[in-house]
Amino acid sequence: MTLPPNENPTRKNKINAPIGRFAPTPSGFLHLGNVFCSLLAWLYAKSGGGKIILRIEDLDARRCPRANADMLARDLEWLQLFWDEGAYGGADSEDYFQSRRSAIYEKYFNKLTQAKLIYPCFCSRAELHAAEAPHLSDGRVLYSGVCRQLTETERASKMQQRRPAYRIEVRDEAISFTDGHYGGQSYNLAHESGDFIVRRSDGIFAYQLAVTVDDALMGVTQVVRGCDLLSSTSMQLYLYRLLGLTPPAFCHIPLLTDPDGRRLAKRDGDLEIGVLRRQYGDPRPIVGLLAYLAGQLPAPEPISAQELLPLFDPAKIPTHNIVVPRELLPGS
């Protein structure tokens with residue numbers, strides 16, 4: 001018999017010691033950019049005497065097969081970025097897979113629904129990206145709120161034709177916070193995103209809701225992640241407030257890019273850790289390269305994460321995105 005997931009599976013931590021997390025999405029294999037973020041998250045938490053949780057963000061289980069998650073865990077272990085609890089860690093390890101936590105997300109979704117903050121949205125992707133829809137400078141669509149204005153009769157009629165997604169109403173107000181690396185930030189969701197999705201039309205809960213609930217219930221106090229997620233922090237802080245949950249401290253870090261300025265991603269197969277493992281056979285050159293790129297070493301010299309720990313200085317991490325010189329990679 002499958003046991004229901006534990007809402008809050010974490011154990012107590014030292015007073016004031018940070019609880020960080022690795023939260024990979026196993027839609028592909030780990031690449032150099034993922035490891036850069038994981039290494040810095042590990043260093044931030046461990047340098048403060050804290051611990052790391054491994055959570056597998058496989059909300060869409062069809063796109064995130066368990067075999068990929070298994071490989072991610074093996075790669076993190078090979079890199080010696082060991083976690084203290086979470087997936088692959090003990091009797092409750094299945095509770096750290098988001099694909100098993102839908103009943104928990106449903107509880108908080110219902111709380112928002114009961115507060116009349118949620119409404120169904122029937123807009124298709126094509127409609128959202130139509131020429132008349134307002135677009136932001138980075139290409140994202142600013143949702144106009146058209147489905148918020150539907151009458152109950154109109155909603156009932158549309159329900160017969162299409163399964164809706166569900167959006168949360170946002171307010172025209174500034175949400176401000178201090179990022180651990182980029183300093184003061186302020187976003188107005190009404191102008192930056194509009195009402196955003198908390199549940200997809202296929203029934204899968206959206207990232208913004210799931211990550212907010214999970215970080216709160218798992219006791220995460222420190223989130224270190226790429227600066228591409230900086231703007232989404234305001235959405236999560238909004239949800240923390242509405243749900244009465246305590247938010248963590250956020251620290252966003254620069255992205256790794258290729259010489260053309262393109263962000264390193266899973267499409268860069270030659271930078272997958274599996275490929276680099278075969279090239280190097282030892283994690284220390286990879287960790288040393290990333291430490292150098294993060295400003296922690298004067299040159300890309302082999303070093304382990306544990307050896308790097310006493311040298312870690314967050315103030316040395318650049319604020320601009322970091323170009324990975326191809327000549328420093330294997331096969332160059």
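Check the entry above for the structure.
These numbers come from a predicted model, not from an experiment. (Residues numbered from 1 in each chain as written. Predicted model: local features only at pLDDT ≥ 70, side-chain atom pairs only at ≥ 80, totals over all residues. Heavy atoms only, no water.)

S.K.: Quick question: what am I supposed to make of the packing of aromatic side chains here?
M.R.: Working definition: an aromatic ring pair is given by the centre-to-centre distance plus the angle between the planes. Counted according to the given criterion, the structure contains six aromatic pairs. Ring centres 5.6 Å apart and planes at 65° place the aromatic pair tyrosine 88 and phenylalanine 97 in the edge-to-face group. Residues phenylalanine 109 and tyrosine 166 carry aromatic rings whose centres are separated by 5.6 Å and whose planes lie at 85° to one another, so their mutual orientation is edge-to-face. Taken as a pair, phenylalanine 109 in helix 3 (residues 102-114) and tyrosine 166 in strand 5 (residues 165-168) lie far apart in primary sequence, 57 residues in all. What links up through ring pairs into an aromatic cluster is the set Tyr105, Phe109, Tyr166 and Phe205. The ring of phenylalanine 97 has arginine 66 lying over it, and the distance from NZ or CZ to the ring centre is 3.8 Å. The aromatic ring of tyrosine 143 is capped on one face by arginine 167, whose charged end is 3.6 Å from the ring centroid. (Phe/Tyr/Trp six-rings, centres within 6.5 Å; stacked < 30°, edge-to-face > 60°. Helix = DSSP H or I, 4+ residues; strand = E, 2+ residues; numbered from the N terminus. Lys NZ or Arg CZ within 6 Å of the ring centre and 35° of its normal.)

S.K.: Just to check I follow, could you spell out the packing of helix 3 against helix 8 (residues 233-243) for this structure?
M.R.: In a pair of packed helices, the angle between the axes and the distance between the axes together describe the arrangement. Contact geometry of helix 3 with helix 8 gives a least axis separation of 10 Å together with a crossing angle of 75°. What the angle tells us is that helix 3 and helix 8 run roughly perpendicular. Between helix 3 and helix 8, the contacting residues are Tyr108, Lys111 and Leu112 on the first element and Leu239, Leu242 and Leu243 on the second. (Axes fitted to C-alpha atoms, helices over the stretch in contact; angles between N-to-C directions. Parallel < 35°, antiparallel > 145°, perpendicular 65-115°, else oblique. Contact = heavy atoms within 4.5 Å.)

S.K.: In this structure, what is going on with the nonpolar core? I would like to understand it.
M.R.: One recurring pattern in soluble globular proteins: nonpolar side chains tend to sit buried together. Counting residues in hydrophobic clusters, the biggest one holds 88 residues, and the most contacted among them are Leu32 and Ile168. In contact with isoleucine 168, not counting residues within four places along its chain, are Leu112, Leu117, Ile118, Asp195, Phe196, Val198, Tyr238, Leu239 and Leu242. If you look at the next biggest cluster of nonpolar residues, it comprises six residues, including Phe122, Tyr143, Cys147 and Leu150. (Core = buried A, V, L, I, M, F, W, Y, C linked by side-chain atoms within 4.5 Å. Buried < 20%, exposed > 50% of the residue type's maximum accessible area, 1.4 Å probe, protein only.)

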